[in-house]
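As a plain string of letters, each chain reads:
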Amino acid sequence: MRTLDNKVAIVTGGSRGIGRAIALELAKNGAAVAVNYVSNTDAANSLVKEIEGFGGSAFASQADVSDSSQAKVLVEETISRFGKVDILVNNAGVTRDKTFRRLGEDDWKKVIDVNLNSVFNTTSAVLPGMLEQKYGRIISISSIIGQAGGFGQTNYAASKAGIIGFTKSLALETARSNITVNAICPGFIETDMVADVPAEVLEQIVSKVPVRRLGQATEIARAVYFLVADGNYITGQQLNVNGGLYM
């Protein structure tokens, strides 16, 4: 029997990058997975086929989780297909990097809506069921930028720091119901988002990382699995996966 057999997970922003790696990791360990995405239908369907190819269970669900009504539909669809939700991974995220002087209201709202408000929306939708079954694992992907800040990233930093505060507070409220709530704070991970960083800037970043490399999406996925499978006594925490860049 695999560790996560009979468990059901939702991974938001699950069609590529870190989300894709997380969905694969959970599925390989037995969880049925709802792969949430906004626009990349081909990538989501490809991931579902890959999971089904090794005997896992998954489906793709298109929903903009920054919209509360769509987040509710995502959860309802998952429960309709799999009967419950045990694990929620809040991974959906965007960047709109600009110095604050150039940052417009639309760029501020977009990042807050997708990165932070979505966490409220999805968690609100899954929490009643978790409380009823007295089991749940809620893991939100924050960032080193939410801890240390980042030049030209006031919107992104605020959204990711908000996740940390949300995590600590909700953990206090749910601990007696066997629901753990944690955040993972990745450093610079080799994904499409980081690929947009100019090469010379990326070299400077890597030179400051004590382990002298970028992280891999699979390393974040393993951290998620650890919190789900072995983190029964871990709640309200920030798990830093950053190569030593921020301590």
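Bear in mind the structure is a predicted one, so any value in this text is a computation, not a measurement. (Residues numbered from 1 in each chain as written. Predicted model: local features only at pLDDT ≥ 70, side-chain atom pairs only at ≥ 80, totals over all residues. Heavy atoms only, no water.)

*Asks:* Could you give me a rundown of the sheet that holds strand 1 (residues 8-11), with the residues and numbers involved?
*Replies:* Spatially, 7 strands are ordered 3-2-1-4-5-6-7 in an open sheet, and the strand pairing comes out parallel. Here the strands that pair on one side only, and so sit at the sheet edges, are strand 3 (58-62) and strand 7 (238-241). Between one strand and the next, the sheet's axes are offset by a mean angle of 20°, whatever the strand orientation. Both strand 2 (residues 32-37) and strand 3 contribute to a ladder of 5 bridges, which runs parallel. Across the sheet, residue Val35 finds its bridge partner in strand 3, namely Ala60. Strands in contact with helix 2 (residues 41-53) are strand 2 and strand 3; relative to strand 3, the strand with the most contacts, it is inclined by about 165°. Strand contacts of helix 3 (residues 68-82): strand 1, strand 2 and strand 3, with the helix running at about 155° to strand 3, the strand carrying the most contacts. (Pairing = 2+ DSSP bridges. Helix = DSSP H or I, 4+ residues; strand = E, 2+ residues; numbered from the N terminus. Axes fitted to C-alpha atoms, helices over the stretch in contact; angles between N-to-C directions. Contact = heavy atoms within 4.5 Å.)

*Asks:* Now, about the packing of helix 1 (residues 17-28) against helix 2: what can you tell me, with residues and values included?
*Replies:* In the contact formed by helix 1 and helix 2, the axes pass within 10 Å of each other and the chain directions differ by 20°. Overall, the two elements helix 1 and helix 2 adopt an arrangement that is roughly parallel. For the pair helix 1 and helix 2, the crossing hand works out as right-handed. From helix 1, Arg20, Ala23, Leu24 and Ala27 reach across to helix 2, where they touch Leu47, Glu50 and Ile51. Grouping the constituent residues of the contact of helix 1 with helix 2 by class yields 5 nonpolar, no polar and 2 charged. (Parallel < 35°, antiparallel > 145°, perpendicular 65-115°, else oblique. Left-handed = near helix turned anticlockwise from the far one by under 90°. Nonpolar A, V, L, I, M, F, W, Y, C, P; charged D, E, K, R; others polar.)

*Asks:* Can you break down the nonpolar core residue by residue, with the values?
*Replies:* Counting residues in hydrophobic clusters, the biggest one holds 34 residues, and the most contacted among them are Ile22, Leu26, Val33, Val89, Ile184 and Val224. Elements supplying a minimum of two residues to this core: strand 1, helix 1, strand 2, helix 2, strand 4 (87-90), strand 5 (136-141) and helix 9 (217-230). Ranked by the residues each element gives to this core, the list is headed by helix 9, at 9 residues. Apart from residues lying up to four places away in sequence, Ile22 is in contact with Val11, Val89, Ile141, Ala221 and Val224. By size, the runner-up hydrophobic cluster in this structure holds 19 residues, among which are Ala34, Val75, Leu170 and Val181. (Core = buried A, V, L, I, M, F, W, Y, C linked by side-chain atoms within 4.5 Å. Buried < 20%, exposed > 50% of the residue type's maximum accessible area, 1.4 Å probe, protein only.)

*Asks:* So what about the pairing of strand 2? Which residues, and what values?
*Replies:* In terms of burial, strand 2 is largely enclosed, as 6 of its 6 residues are buried. A two-sided burial pattern is seen for strand 2, the buried positions comprising Ala32, Ala34 and Asn36 on one face and Val33, Val35 and Tyr37 on the other. Pairing between strand 1 and strand 2: 4 bridges, direction parallel. Bridging from a neighbouring strand, Ile10 pairs with Ala34 of strand 2. The parallel pair strand 1 and strand 2, bridged by helix 1, forms a crossover whose chirality is right-handed. Considered for its hand, the β-α-β crossover made up of strand 2, helix 2 and strand 3 is right-handed. (Right-handed = clockwise from strand over helix to strand, strands pointing away.)

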